[in-house]
Structures are given as C-alpha cells and as structure tokens.
Amino acid sequence: MGKMILDDLRKRLERLDEDADLMIDNNDRYQMVIVGGSAFILMGKLTRATHDIDALSVPKELYSLLGKYDINTDVEAYIDNFPYNFQDRLQPLPFGGTKVQFYTPSLEDLVIAKLCSFRDTDKADVESEAVRNSLDWDLLEHLATDEDELRASILNDWRYRDFYIRYQEYVERWRPCES
C-alpha cells in the first residue's frame, strides 16, 4: 500500500507540472514546497494515507490547478512552525521540473514543524521508526534551540516553550544513546 500511496502523490504532482506547462505560456519555471505528511511520504519515510498535499510557496500562476490535484495551501498560516531558515535546506524531489520544480524541507525542518503542531497524526509521523532513524539529531537540536532558527520564526515565547517541552520529551524518548 505504501508504494501505491507514494505513486499516487508523485503522479498527481507530475500531472500538475504537465498541466502547468500546457496552461502557462512563458519560459518561467516555478517552485512549490511540499510539506506535511505528503513530504514524509515523498521522502520515503511514511506509508500512511493522506487526503491532500500541503504546499508552501505556491506561485499565483498555479492557483487554478490546486483544486484539481487536491493541493492545500492552508498550511501557509503555520509558516511560523518552520525554522526561520528552512528554505536554505530545501531538497528537490526527483520528478516534475518541466514547469514546476517540487521541493521538500529537510526531514529535520519537517519534524520541528510537526512538533510545533503535535496533533495525533503529527505525533505518529515523527515517532515512526523510518523518520527517527533518518534524523540528523545534531541538526535537529540546532533548529530547535538556535536563536536564528525556530526561535526567530515562532510567534511568541509561550508557543516556543510549549514546543520545547514536546521537543525535550521527543529527544528523551527517541534519540539514540551515544556510545
């Protein structure tokens, strides 16, 4: 089932790229950042189903195609859940690219964003073995604590403290012991 979910997401994004190429008559190339559960699935870290694709940084030229492919930009309201410099760590996805190049934030940036929200599905996503085993724990620590990362983007001290409690619990429970 996991491969079917991954294939479906990939095909939807590839078709969006093809439609954009047919619809937009210029030589411009656009970027779209995929986040949330879809990003974890596209990175090969999760196999659960997701009903939509969450996207940040969607160019206005692509808005008319979003509904057709069930792409949600509501996540833009939660941009402060991402470390301030997450754009510096964007990773290109290996498809699309005729008109739209798709990216995901780093795994560590996605985990930080999920720890900020921490709904039940977010908790399950970051606790999955594939995610935990792939983390650069030092980078995660940097993003969680550095003044120029999450602390620079999160809305207020209360929200940061709330995040940090969840972050510490996550690290205590899941970070591998150093030998």
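Note that the structure is a prediction, hence the values are computed from the model and not measured.

A. Region of interest: the overall build of the protein chain. Scanning the protein chain from terminus to terminus reveals nine helices and five strands. Overall, the C-alpha framework of the protein chain stretches about 55 × 35 × 25 Å when taken along its three principal axes. Burial analysis of the protein chain (179 residues in total) assigns 48% to the buried set. Restricting the contact set of the protein chain to residue pairs at least 6 apart, pairs at least 24 apart contribute 68%. Split by element, the accessible area of the protein chain, about 9,500 Å² in all, is 47% carbon and sulfur.

B. Geometry of the layout of surface pockets. What the largest pocket holds in volume is close to 460 Å³. Lining the largest pocket are 24 residues, with Gly36, Asp54, Val75, Arg119 and Asp122 positioned closest to its centre. At the level of elements, helix 2 (36-42), helix 4 (107-117) and helix 5 (120-127) are the ones that each hand at least two residues to the lining of the largest pocket. Of the residues assigned to the lining of the largest pocket, the class counts are seven nonpolar, nine polar and eight charged.

C. Summary view of the packing of helix 4 against helix 9 (residues 157-174). One can describe the packing of helix 4 onto helix 9 by two numbers: an axis separation of 8 Å at closest approach and a directional angle of 120°. Judged by the inter-axis angle, helix 4 sits oblique to helix 9. Crossing hand, helix 4 versus helix 9: right-handed. In this structure, helix 4 contributes Val111, Ile112, Leu115, Cys116 and Ser117 to the contact, and helix 9 contributes Phe163, Arg166, Tyr167 and Tyr170.

D. Representation of the environment of Pro176. Among the structural elements, Pro176 can be located in the segment after helix 9. On the basis of relative accessibility, which here comes to 49%, the residue Pro176 falls in the partly exposed class. Separated by 39 residues in the primary sequence, Pro176 and Trp137 have C-alpha atoms spaced 8.9 Å apart.

E. The UniProt feature "domain: DUF6036" (unreviewed entry) in the protein chain, seen in detail. As recorded in UniProt, the sites labelled "domain: DUF6036" (unreviewed entry) are residues 11-175. Helix makes up 48% of residues 11-175 and strand 14%, with an end-to-end C-alpha separation of 35 Å.

F. Quick look at helix 4. Among the 11 residues that make up helix 4, 10 are buried, leaving the element largely enclosed by the rest of the structure. When we look at burial in helix 4, the residues that qualify are Leu107, Glu108, Asp109, Leu110, Val111, Ile112, Ala113, Lys114, Leu115 and Cys116.

G. Structural context of the side chain of Asp19. Relative to the helices and strands, Asp19 is located in helix 1 (residues 2-23). What Asp19 contacts, discounting residues up to four positions off in sequence, is Leu65, Lys68 and Tyr69.

H. Structural view of the side chain of Thr104. Its location among the elements puts Thr104 in strand 5 (residues 100-104). Taking the relative accessible area as the measure of exposure, Thr104 reaches 1% and is therefore buried. Setting aside residues no more than four positions away along its own chain, Thr104 makes contact with Ile34, Ala39, Met43, Arg89, Leu90, Gln91 and Leu93.

I. Broad picture of the sheet that holds strand 2 (residues 53-56). Ordered by their spatial adjacency, five strands build an open sheet running 3-2-1-5-4, and the pairing between neighbours is mixed. Whereas interior strands pair on both sides, the edge strands pair on one side only; in this sheet they are strand 3 (71-72) and strand 4 (91-96).

J. Inspection of the packing of helix 4 against helix 5 at higher detail. Running from amino to carboxyl end, helix 4 crosses helix 5 at an angle of 145°, the nearest separation of the two axes being 8 Å. The way helix 4 lies across helix 5 gives a crossing that is left-handed. Residues Val111, Lys114, Leu115 and Ser117 of helix 4 lie in contact with helix 5, whose contacting residues are Asp122, Asp125 and Val126. Here the contact of helix 4 with helix 5 is composed, by residue class, of three nonpolar, one polar and three charged.

K. Geometry of the packing of aromatic side chains. Tallied over the full model, the rule gives seven aromatic pairs. A centroid spacing of 5.8 Å and a plane angle of 45° characterise the contact between Tyr160 and Phe163, whose relative ring orientation is tilted. Highlighted residues: Tyr160 and Phe163, both in helix 9, separated by three residues, approximately one helical turn. For Tyr160, a relative accessible area of 8% gives the class buried. Here the aromatic rings of Tyr160 and Tyr164 are separated by 5.9 Å at their centres, their planes lie at 20°, and the arrangement is stacked. A residue pair is termed a helical-turn pair when its members lie 3 or 4 positions apart in one helix, as Tyr160 and Tyr164 do in helix 9 at four residues. Members of the aromatic cluster, joined through ring pairs, are Tyr160, Phe163, Tyr164 and Tyr167.

Calculation notes
Residues numbered from 1 in each chain as written. Predicted model: local features only at pLDDT ≥ 70, side-chain atom pairs only at ≥ 80, totals over all residues. Heavy atoms only, no water. Helix = DSSP H or I, 4+ residues; strand = E, 2+ residues; numbered from the N terminus. Buried < 20%, exposed > 50% of the residue type's maximum accessible area, 1.4 Å probe, protein only. Contact = heavy atoms within 4.5 Å. Areas by Shrake-Rupley, 256 points an atom, 1.4 Å probe, with all protein chains shown as cover. 1 Å grid on protein atoms, 1.4 Å probe; cavity = no way out; pocket = protein on both sides within 12 Å on 5 of 7 lines; lining within 4 Å. Points joined across faces, edges and corners; volume = space filled by probe spheres on them. Nonpolar A, V, L, I, M, F, W, Y, C, P; charged D, E, K, R; others polar. Axes fitted to C-alpha atoms, helices over the stretch in contact; angles between N-to-C directions. Parallel < 35°, antiparallel > 145°, perpendicular 65-115°, else oblique. Left-handed = near helix turned anticlockwise from the far one by under 90°. UniProt positions renumbered as here; feature names shortened; annotations may be inferred. Pairing = 2+ DSSP bridges. Phe/Tyr/Trp six-rings, centres within 6.5 Å; stacked < 30°, edge-to-face > 60°.

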